[in-house]
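If you want the building blocks of each chain, they are given just below.
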Amino acid sequence: MLRRTNLLTVAFLFLSGTASQATAQEIRPGVSSARQPQTLPLPTEGYDAYLVGELHGLEENEEFELQYLKQLHSASGLRDVAIEEKAAYEEDAQAFVDGKSDRLPSALCLRAGILEGIRSFNTELNPDARIRVHLTDIDSPAAAIRQHLAALKERLRANEVSIPAETAIKTRGLEAAAQLKALTKDSALRSELRTVELSILAFQQGLEVGIGPPKGSPYLDSREQAVASNIVDLLRLRGNLSLLVIYGSDHVSRTPRNDGGPARDQPFTPMALRLQQSGIRAFSIVTFPLAGRSFWRGQSNELPWTAADGHLASGETFDQVVSAVPGTRFLYIDTKRQRARLPADDISNMAVDAFLLFRSGTPMKNRCEAR
């Protein structure tokens, strides 16, 4: 009898330990600790858009985003993901996640991890439930703009329209886009042509973005207008019930900025604020590592802060918080319930609904090297 009691006790402790690993714990008001991303207290219903703002270049981003996608799909049937990539390559990305193509364009190498994860998830789903990807950013550099113009010309069978060479996109691209737009009233095609026009305007303002370090200011109204308009169109014109939106952290804040424009000296409205102004109900979360390394656009960086450099409203530093709960990998902070200062002031000042802090950041694999 004593042996049986001891066995039951051991079993209870084992199950209790397993349960504690499988669920997030609220360890401070508005602060939850988790070992696995699927246990985080994230909303899965009630919003038009779920905005995830990355600090780019971390493997943990892909792990979290894929798990959140699966939760959203299971809870509310969400099927659509908008990604911060060039609209010109959307058909290629969709063919890849559908399993119709085994290769991605080299221009999408920075997003290979998340697209491979979606492709794998789609193999588990019925065809009418599979995930659709939407690349909602501007086309850049000139080669991507020209490719998009040429594809639209072919789809419209507009043989009479001349597509300028890459070297002439800046001066003649808008004329070609206007000629194509005059040939269609289809809302989806006109949305694509609007993206091309705004891409050319951003190019004229000095922005060029490939897979390496960008040139020019990324905080341009032309670009942010294109992104926000594409997301609104997906929700209102193309009948998608809700979206998971994966962008850089700067885009998902509802705080106006003063460093926009080509010279970084003009007012700037981030995408999330534009969506709010358009009546879109959006949940916004920023992912942020408390230590570690990142790899993005060919550059590997040691993060210039540690968990001791940020704190809760009480003054308790994040290294103290995570060390109090062994095994913590994620800290979820509900900004409505807990004020926190992150090690980066610009992130701390963002108007978002939540922060997701990684205990340590792992640099993403360099998928661009082999392409």
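Residues numbered from 1 in each chain as written. Predicted model: local features only at pLDDT ≥ 70, side-chain atom pairs only at ≥ 80, totals over all residues. Heavy atoms only, no water.

Some points on the overall build of the protein
- Check the secondary structure of the protein and you find 11 helices and 15 strands.
- The C-alpha atoms of the protein give 22 Å as radius of gyration, which agrees with the globular expectation for 371 residues (21 Å, within 12%).
- The principal-axis extent of the C-alpha atoms belonging to the protein is close to 90 × 50 × 40 Å.
- When burial is assessed residue by residue, the protein has 53% of its 371 residues classed as buried.
- When contacts within the protein are restricted to residue pairs at least 6 apart in sequence, long-range pairs at least 24 apart make up 70% of them.
- Total accessible area on the protein is roughly 16,900 Å²; 49% of this is exposed by carbon and sulfur atoms.
- Looking at the protein, you have 43 positive and 45 negative side-chain charges, and the mean spots of the two groups are 3 Å apart. (Helix = DSSP H or I, 4+ residues; strand = E, 2+ residues; numbered from the N terminus. Rg over C-alpha atoms; globule rule 2.2 N^0.38 Å. Buried < 20%, exposed > 50% of the residue type's maximum accessible area, 1.4 Å probe, protein only. Contact = heavy atoms within 4.5 Å. Areas by Shrake-Rupley, 256 points an atom, 1.4 Å probe, with all protein chains shown as cover. Lys, Arg positive; Asp, Glu negative; His and termini not counted. Charge placed at Lys NZ, Arg CZ, Asp CG, Glu CD.)

A short note on empty space enclosed by the protein
- Under the criterion given, the structure shown has one cavity of 30 Å³ or more.
- When its volume is computed, the largest cavity comes out at roughly 60 Å³.
- The wall of the largest cavity is formed by Glu54, Gly57, Leu58, Asn61, Glu62, Glu65, Leu110, Arg111, Ile114, Trp296 and Met364.
- Examining the composition of the lining of the largest cavity, we find that three residues originate from one element, helix H2 (residues 59–76), more than from any other.
- When its residues are assigned to classes, the lining of the largest cavity shows five nonpolar, two polar and four charged. (1 Å grid on protein atoms, 1.4 Å probe; cavity = no way out; pocket = protein on both sides within 12 Å on 5 of 7 lines; lining within 4 Å. Points joined across faces, edges and corners; volume = space filled by probe spheres on them. Nonpolar A, V, L, I, M, F, W, Y, C, P; charged D, E, K, R; others polar.)

Focus: the nonpolar core
- The biggest cluster of nonpolar side chains holds 83 residues, and the ones touching the most others in it are Leu115, Leu244 and Phe318.
- Among the elements that make up this core, the one with the highest residue count is helix H8 (residues 221–236) (six residues).
- Dropping the residues within four chain positions of it, Phe318 is found in contact with Leu290, Ala307, Gly310, His311, Leu312, Leu331, Ile333, Ala340, Arg341, Leu342 and Leu357.
- Grouped together as the second largest cluster of nonpolar side chains are 17 residues, Ala142, Ala177, Leu193 and Ile200 included. (Core = buried A, V, L, I, M, F, W, Y, C linked by side-chain atoms within 4.5 Å.)

Quick word on the layout of surface pockets
- Here the largest pocket is characterised by a volume of approximately 850 Å³.
- Secondary structure elements with two or more residues in the lining of the largest pocket: strand S4 (80–86), strand S9 (282–289), strand S10 (293–296), strand S11 (299–302) and helix H11 (345–348).
- The class makeup of the residues in the lining of the largest pocket is 16 nonpolar, nine polar and 10 charged.
- Put simply, the second largest pocket is a space of about 510 Å³.
- Forming the boundary of the second largest pocket are 24 residues, of which Ala87, Glu90, Glu91, Arg155 and Glu192 lie nearest the centre.
- Tallying contributions element by element places helix H5 (residues 142–156) first for the lining of the second largest pocket, with five residues.
- Residue composition of the lining of the second largest pocket, grouped by class: eight nonpolar, eight polar and eight charged.

Concerning the pattern of salt bridges
- For the coordinates displayed, the defined rule picks out 25 salt bridges.
- Across the salt bridge formed by Glu26 and Arg337, the nearest N and O atoms sit 2.6 Å from each other. Residue Glu26 is located in strand S1 (residues 25–28), and its partner Arg337 is located in the loop between strand S13 (330–334) and strand S14 (340–341); the two are separated by 311 residues in the primary sequence.
- By relative accessible area, Glu26 is classed as partly exposed at 48%.
- By relative accessible area, which is 47% here, Arg337 ends up partly exposed. (Salt bridge = Lys/Arg side-chain N within 4 Å of Asp/Glu carboxyl O.)

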